[in-house]
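# Descriptive structure summary
Okay, here's what each chain looks like letter by letter:
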Amino acid sequence: MGDYGEARLFHQEALRIRERALGATHPDVANSLNNLAVVMQKLGDYSEAQLMLERALQIREQVLGPVHPSVAKSLNNLAAVLVSMGDYSRARPLLERALLIDEKASGPNHPDVATDLSNLAALLNDIGDYASAKVLHERALRIREQALGPAHPDVASSLNNLAETLIKTGDLSLVRPLHERALRIKEQALGPNHPDVAVSLSNLAFVVGAMGNRSGALQLYERALRVREQALGLNHPEVATDLNQLAGLLQDTGDYANARLSYERALRIKEEVLGPTHPEVASVLNNLGLLLWDTGEPGKASEVLERAMHAVEIHTARSLVGLSERQKLAFLRTSQDTFYNYASMPPQVVPNDTMYAAVLRRKNLVFRVLSEERAALTRAPDPKVRPLLERRESLVREMTSLTFRSEQGQRERVVALEKELEQVEAELSRTSAAFRAAQAEARAIATDVCQALPRDAVLLDYVRYSRYTPAQGNKPGRWEASYTVFILRGGRCPNVQRVELGPAVPIDAAAETFRQSLTQVRKIGDKEELLSESEILAKARALGALVLPPSVRQALPGAAMLNIAPDGPLAVVPFQLLPGENGQTYLVEAYPLVTIPSGRDLLHLMREESSERREAAGALLLVGNPDYGAAVAGPSDKKDGHRALPRAGCGLEVTAEFLPLPGTAQEVQNIVGEASNRLRGAAISRAEGKDASEPWLAQKITGQRYVHLATHGYFAGDTCTPPASTRDQRGVVVQAARLDEDLRGPVGTNPLLLSGIALAGANQRARATSGAEDGILTALEVTGLDLRGTELIVLSACETGLGVQHTGQELLGLRWAFGMAGTRSLLTSLWKVPDEPTVRLMTKFYGYLWRDAKDGRPLGKAAVLRQAQLDLMRENRARFNGDSRPIEWAAWVLSGDWQ
């Protein structure tokens, strides 16, 4: 009936009676504790409810055993309280355990199982894993409709939960009927003034308002607020939720005064009940901050938005524990608006160094968290952890094998393996929670990054974000995808410049046009030719004007090196080809360049410099000219008849045949010759032909200082639309196929399966049995290698520098994978590179790498790459009438350590 205050009194009296009559550890006492705790949760007293539920769980486990259905109920209720408090990492294992208990005790179609599914799905929704949440909510709805009938209140709850998840996908037309049906059921079953009716009223109001009916939404919000205030009291957190949503609608209609009053009241309630760092408090702070900015109080707005950022950062550090890699990325998206709004504040209000500190805490966060976790687990693994690491390796191996095979049930097996992999990764994350919590407290500032730069080296740290422009007159506030760049110069600390680059759409378009121009082929009669260098330079100037405007270029003269930390689509732009000062030369002609994910990664490189380098300096491993084996015909593509084999990525098919690359044999021979002359006494491991296999590489690669892999590479593309290619390069032709939604399943597709390199036997991969060697080293498999201390890995193959883009994070591909495995520097390519020029460039690169400069110091990898590229540039201009043919030398980018 919603009269929680009166119910609490009866439950308290029942608890006292049972404790006196039966003793403190009787199961009936646990029942009373559980019932009272549920009411306390409804009343918003979460800490008291948590204590009661923990005591009830302890009694039930001791008296009834660990797998009793009553234990499952305690686990569910305790998890619900923890979720309300924002403690997702502790809640999830409880919910998963409750589900296992109830499925075993009552069968898969019992209403208790539906409750477990709903609660687990709600948590997944909170952390941003909407695809998995949707599947669980749909299953819970089916169970409840079948077991309880279509008009039961629990069915209404499932309808409401499913609708809330679908809202995240943006399809409101599907959502409104679900909320309307849920409201009808609740009003009929519970009466018009029940708190659960208010939930449906509020949710329906949001959808109605989003569809343009503001007056209708206002009426629904006001009715929901009246119901909750009457049933729950004036200071309940759910009342505050209605106030927050009502304020947003008032703000949209221009009623700023009443909107502010509602926000401030909601904030007082939520801070008092939930504490200052709860995510719901951050949500209200975020909304209030924008309102203050809209009404001409940017100073107060910045203070409020900074409090919201602080709350989000604390909640993020706690909540990333226990999540898989994919879920960590999804979780960050749930709080990105708070960061974007704070990042939109002008420098007159938030100084550049303060704002850049916030960027440092956010950018590339998932990679840093995962690498710290992996390092902690690898360095000193607990005996309980080793089986998890071994199981992860086994799952990755089997997933990769299935990726390149076609057999009945393959898709279902891939989905099952991905789900288990996420569970293993989540358990590994929980194991290192204490270590990561300590790391999360470290707060890098601009001065730290600046001091990590070499003297006169310049860092350009790009940020792609949704920039908020406050309301002006009758124009409401609006967001627009934009770029900004932070500029630091070593030796001049902590001088931080910030330049707003403008809307992201034209920048992204110019970046794509420029990239396409580098490999674009046009037909003239019967001949094909690349674009001229002057045409490429024109595209480069168009992009350079946007990302390197005069306000940025003025910081470059005299720079010893450029450290580029790109973001979004800029992550795959060859910055070395952007124009120099006069517009007729390239940046690489003036500066060495190195790519890093964020300025924070400079600190990581400094911290690891001495502790991670191997003692066996000079050890070298090389792979070249693998024997891919005879091609095995796969299913034919109906459109063009090309032999193709299915990939377990997102529906792509890769041609079965990897063609031989004889130039790579000469490349390896040249590098061995350089090593023999300049690294005297160094241990050299070398494999070609059939010996260049994945098992050989996995066995030998750990402990090497230098690794060179000359073979085919591929990137299947994050949108299932592969770029054009030709067969005479170190790549593999890919055929676009339909995006297979069924394959995504409840856990989606692992993007690290979309990148990899081919080794011996790769053309026989269709015959590989499950978990066996398939000749393909995927990025996912690379993450399981131990490359700590490896100085440099060169991936002399096509498109090894590409990956799936997540704004604010490192590309999910081979760069991510080798960095996660521990290598300090990586040389990769951004497009399909021709074979013969690559041999020339790599020979020059190693010749300079192992040659000391005049002062006796090594040149450094960034300077070495620049010198090798300049050599090819000059040689090509002499051979091709002044055309340097950038396609042949400019694809190569160095990421990580430049020294």
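Below you will find a few notes about this structure. (Residues numbered from 1 in each chain as written. Predicted model: local features only at pLDDT ≥ 70, side-chain atom pairs only at ≥ 80, totals over all residues. Heavy atoms only, no water.)

## Examining the overall build of the protein
Quick note on the threshold: A run of H or I in DSSP counts as a helix once it spans at least four residues, and a run of E counts as a strand once it spans at least two, with each numbered from the N terminus. Each residue gets one of three labels from its accessible area relative to the maximum for its type: buried under 20%, exposed over 50%, partly exposed in between, using a 1.4 Å probe on protein chains only. Contacts are residue-level and defined by heavy atoms, with any inter-residue pair within 4.5 Å sufficient. Residue exposure ignores everything except the shown protein chains as possible cover, and the areas themselves are Shrake-Rupley values with a 1.4 Å probe.
Along its length, the protein carries 34 helices and 21 strands. Evaluated residue by residue, the protein yields a buried proportion of 56% over its 899 residues. The contacts in the protein between residues at least 6 apart in sequence include a share of 73% that link residues at least 24 apart. Looking at the protein as shown, the accessible area adds up to about 35,700 Å², and 50% of this sits on carbon and sulfur atoms.

## Details of the sheet that holds strand S13 (residues 713–715)
To keep it simple, the criterion reads: Between any two strands, at least two bridges found by DSSP are needed for them to pair. Here, axes are lines fitted to C-alpha atoms. For helices the fit covers the stretch in contact, and angles between N-to-C directions go from 0 to 180 degrees.
The strand order across the open sheet built from three strands is S13-S15-S16, with neighbouring strands paired in antiparallel fashion. Looking at the sheet topology across the chains shown, the edges are occupied by S13 and strand S16 (776–778). This sheet shows a mean twist of 25° between the axes of neighbouring strands, independent of strand direction.

## Describing the side chain of serine 895
Along the chain, the position of serine 895 falls in strand S21 (residues 892–896). Residue contacts for serine 895: discarding those within four places in its chain leaves Val594, Thr595, Arg815, Arg824, Ser825 and Leu826.

## Digging into the nonpolar core
Where we set the bar: Side-chain atoms within 4.5 Å are what join buried Ala, Val, Leu, Ile, Met, Phe, Trp, Tyr and Cys residues into a set we call a nonpolar core.
Residues Tyr356, Leu460, Tyr462 and Phe845 are the most contacted members of the largest nonpolar core, which totals 240 residues. Membership of the second largest hydrophobic core comes to 14 residues, among which are Val155, Ala163, Ala182 and Ile185.

## Re the state of the cysteines
Applicable threshold: Only a pair of cysteine sulfur atoms within 2.5 Å qualifies as a disulfide here.
For the structure shown, the criterion picks out one disulfide. Note that cysteine 450 is cross-linked by a disulfide to cysteine 493, the S-S spacing being 2.1 Å. Disulfide cysteine 450-cysteine 493: torsion about the S-S bond near -85°, hence left-handed. Note that cysteine 450 is positioned in helix H23 (residues 446–452) and cysteine 493 in the loop between strand S2 (478–489) and strand S3 (497–503), a separation of 43 residues in sequence. We classify cysteine 450 as buried; its relative accessible area is 1%. When its relative accessible area of 31% is taken as the criterion, cysteine 493 is described as partly exposed.

## A closer look at the environment of alanine 863
You can see alanine 863 is positioned in helix H34 (residues 861–879). Alanine 863 sits in the partly exposed class, given a relative accessible area of 24%. Separated by 275 residues in the primary sequence, alanine 863 and valine 588 have C-alpha atoms spaced 9.8 Å apart.

## Observations concerning unusual backbone geometry
Even without glycine at this site, asparagine 364 takes up a positive phi of about 60°. Position of asparagine 364 among the secondary structure elements: in the loop between helix H18 (352–362) and helix H19 (365–379). Of note, asparagine 625 is a non-glycine position whose phi angle comes to about 45°, a positive value. Summarising the element assignment, asparagine 625 is placed in strand S8 (residues 620–626). Here asparagine 625 falls in the partly exposed class, since its relative accessible area comes to 24%.

## With respect to the packing of aromatic side chains
What counts is decided by this rule: Pairing of aromatic side chains requires ring centres within 6.5 Å, counting the rings of Phe and Tyr and the six-membered ring of Trp. Pairs whose planes differ by under 30 degrees are stacked, by over 60 edge-to-face, and all others tilted.
A full pass over the atoms with the stated rule returns twelve aromatic pairs. Relative to phenylalanine 658, the ring of tyrosine 628 has its centre 5.8 Å away and its plane inclined at 40°; by these criteria the two rings are tilted. On the criterion of sequence distance, the pair formed by tyrosine 628 in the loop between S8 and strand S9 (644–646) and phenylalanine 658 in the loop between strand S10 (653–655) and helix H28 (663–678) is long-range, its members being 30 residues apart. Across this residue pair, the class does not change: tyrosine 628 and phenylalanine 658 are buried. Summarising the aromatic geometry, the rings of tyrosine 706 and tryptophan 850 are spaced 5.6 Å apart at their centres and angled 70° between planes, so their arrangement reads as edge-to-face. Of the two residues, tyrosine 706 sits in strand S12 (residues 706–710) while tryptophan 850 sits in the loop between helix H33 (835–849) and H34, which places them 144 residues apart along the sequence. Residue class for tyrosine 706 comes out buried when judged on its relative accessible area of 7%. Look at tryptophan 850 and you get buried, because its relative accessible area is 8%. By the ring-pair criterion, three or more aromatic residues cluster together here, those being Tyr706, Phe845, Tyr846 and Trp850.

## Observations concerning the pairing of strand S6 (residues 561–565)
Here S6 lies mainly inside the structure; five of its five residues are buried. Here S6 shows no split at all, with Met561, Asn563 and Ala565 on one side and Leu562 and Ile564 on the other all buried. Where strand S1 (residues 457–469) lies against S6, five bridges are found, and the strand directions are parallel. Within S6, the position partnered with valine 458 by the bridge is leucine 562. Relative to strand S7 (residues 593–595), S6 runs parallel, the two being bridged by three bridges. By the bridge assignment, asparagine 563 is partnered in S7 with valine 594.

## Here we look at the packing of H28 against H33
Quick reminder of the rule: An angle below 35 degrees is treated as roughly parallel, one above 145 as roughly antiparallel, one from 65 to 115 as roughly perpendicular, and anything else as oblique.
Packing of H28 against H33 leaves a shortest axis separation of 9 Å and a crossing angle of 10°. When the axis of H28 is compared with that of H33, the two are roughly parallel. Along the contact surface, H28 presents Gly663, Thr664, Gln666, Glu667, Asn670, Ile671, Glu674 and Arg678, while H33 presents Asp835, Thr838, Val839, Met842, Thr843, Tyr846 and Gly847.

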